[in-house]
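# Coordinate analysis (summary)
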Amino acid sequence: RYVKNRELFDDLVATSRRISSDPRSGIGGNAPVMANRFAREGATVLLGSTFERGTAESGLWKGVTLAGGDSAFRDRDDIHLVMEYPAGKRWGPYQASRANRFIVHSDVANGRLESLDPFEKELRNSKANLLVVGGLQMMDSFPYADGERQKLLRRVEHLMVETPESTRVHFELASMSDEGLFSDLLDHVIPFSDSLGMNEQELSLIQSALVYNNMSTVADSNPRIATALDQMRDVFTALAARQKENGRRLTRIHVHTLAYQAIMTVRGSPWKNSAAGAAKAALTAFRHTCASQDIDVSKARLIMDTSFMSSRREGAHRIPVNTDKPVTCWSEGEHDVCLAPVLVCKKVFQTAGGGDNISAA
């Protein structure tokens, strides 16, 4: 959430550094985190973002190039202040049901999309395979003048429209509470995406907006698989019905939850290897939250059921999970679906950045 008072925010940062028993810092923001993950997986990445020079040089992986070169460097980093808390943590009369985090920032550069111009100029000559758009939740509650946010998002729309069809476009959703912002994303960003990535809260949000024309800000933290699959089907159907003339057809949705990874694609689309993708995403979830590259099953638990219903609607059937081949894939109508159980970390080191690492893996 945006903190308008910069002096107050600086005090919060200073206080957190003073009182925290385990303060940690690192490269943050949706785009930089995803860029680093892509680079770790062997990709060459053009990143639209801004940093202090030292932060970029020490924090970005080899293979990540900042759009704009030296113009991307700033006198000070924009800090996103994250308060992580484990499952069972108490705050007054409240108790956390799962490990989670609360994030505040006073980030002006992302709110005003300051990296968009240099990124767009360099993207034109990059012959990219994939364009990833993310971080637009930084516009939530930002103090724009009337019409300013829509003007900025029309520039994002222009970038997406002008991107060649051979370059796939993925939009990574994130938590937001501003109904006006989400409505703008439905007009200017989502219709121009081939692929969408989201967690269970964002899935509920987009499904509610598309099907019921309202913004659901409350979602089940561990939804039944059948419920999530039905919501994914609803999103495919609703976006197909409102496809814009110069828009793209949605051909992929990746939903990452605490218990499972679900990938639904349109059969015959360029998106391949969904089974491997779901498995990699599930393992990345454990590695990130446990801060360990080794998969230690003694530090993990499974919370996904050993079988699940394909839908909550008429004609559904129960699908068993094969323990010898736990990634379950099937075809239905024009869609292919793959679902993988997540090894849930018992002792969480960090949840922030989890979704970005999972989607980019």
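The present account deals with the structure reproduced in this document. This one's a predicted model, so the numbers in the text were calculated from it and none came from an experiment.

The helix and strand tally for the chain stands at 11 helices and 17 strands. A compact globule built from 361 residues should have a C-alpha radius of gyration of about 21 Å, and the chain, at 20 Å, falls within 12% of that. Projected onto the principal axes, the alpha-carbon positions of the chain cover approximately 60 × 50 × 40 Å. The buried share of the chain, taken over its 361 residues, is 47%.

Within the chain, L113 stands out as a residue other than glycine whose phi angle is a positive 50 degrees. Classification of L113 as buried rests on a relative accessible area of 13%. Its identity as a non-glycine residue notwithstanding, A291 has a phi of 55 degrees, on the positive side. Judged by relative accessible area, which is 47%, A291 ranks as partly exposed.

Right, let's talk about the packing of helix α8 (residues 200-212) against helix α9 (residues 225-241) for a bit. It is at 9 Å that the axes of α8 and α9 come closest, and there the two elements cross at 45 degrees. The angle between α8 and α9 falls in the class oblique. Considering only the axes of α8 and α9, their crossing is left-handed. From α8, L203, S204, I206, Q207, L210 and V211 reach across to α9, where they touch A228, Q231, M232, D234, V235, A238 and L239. Taken together, the residues of the contact of α8 with α9 break down into nine nonpolar, three polar and one charged.

Within this structure, the stated rule accounts for three aromatic pairs. With centroids separated by 4.7 Å and ring planes inclined at 45 degrees, the aromatic side chains of F142 and Y144 adopt a geometry described as tilted. The same class applies to F142 and to Y144, which are both buried. For the pair F308 and W330, a centre-to-centre distance of 5.8 Å together with 45 degrees between the ring planes defines the contact as tilted. Of this pair, F308 sits in strand β13 (residues 307-309) while W330 sits in strand β15 (residues 328-332); the two residues are 22 residues apart in sequence, bridging distant segments of the chain. The pair F308 / W330 is uniform in exposure class, with both members buried. Three or more aromatic residues joined by ring pairs form one cluster here, namely Y2, F142 and Y144. The residue whose ring lies beneath R168 is W271, and the NZ or CZ to ring-centre distance is 4.9 Å. The ring of W271 has R252 lying over it, and the distance from NZ or CZ to the ring centre is 5.2 Å.

Cut-off values and rules
Residues numbered from 1 in each chain as written. Predicted model: local features only at pLDDT ≥ 70, side-chain atom pairs only at ≥ 80, totals over all residues. Heavy atoms only, no water. Helix = DSSP H or I, 4+ residues; strand = E, 2+ residues; numbered from the N terminus. Rg over C-alpha atoms; globule rule 2.2 N^0.38 Å. Buried < 20%, exposed > 50% of the residue type's maximum accessible area, 1.4 Å probe, protein only. Axes fitted to C-alpha atoms, helices over the stretch in contact; angles between N-to-C directions. Parallel < 35°, antiparallel > 145°, perpendicular 65-115°, else oblique. Left-handed = near helix turned anticlockwise from the far one by under 90°. Contact = heavy atoms within 4.5 Å. Nonpolar A, V, L, I, M, F, W, Y, C, P; charged D, E, K, R; others polar. Phe/Tyr/Trp six-rings, centres within 6.5 Å; stacked < 30°, edge-to-face > 60°. Lys NZ or Arg CZ within 6 Å of the ring centre and 35° of its normal.

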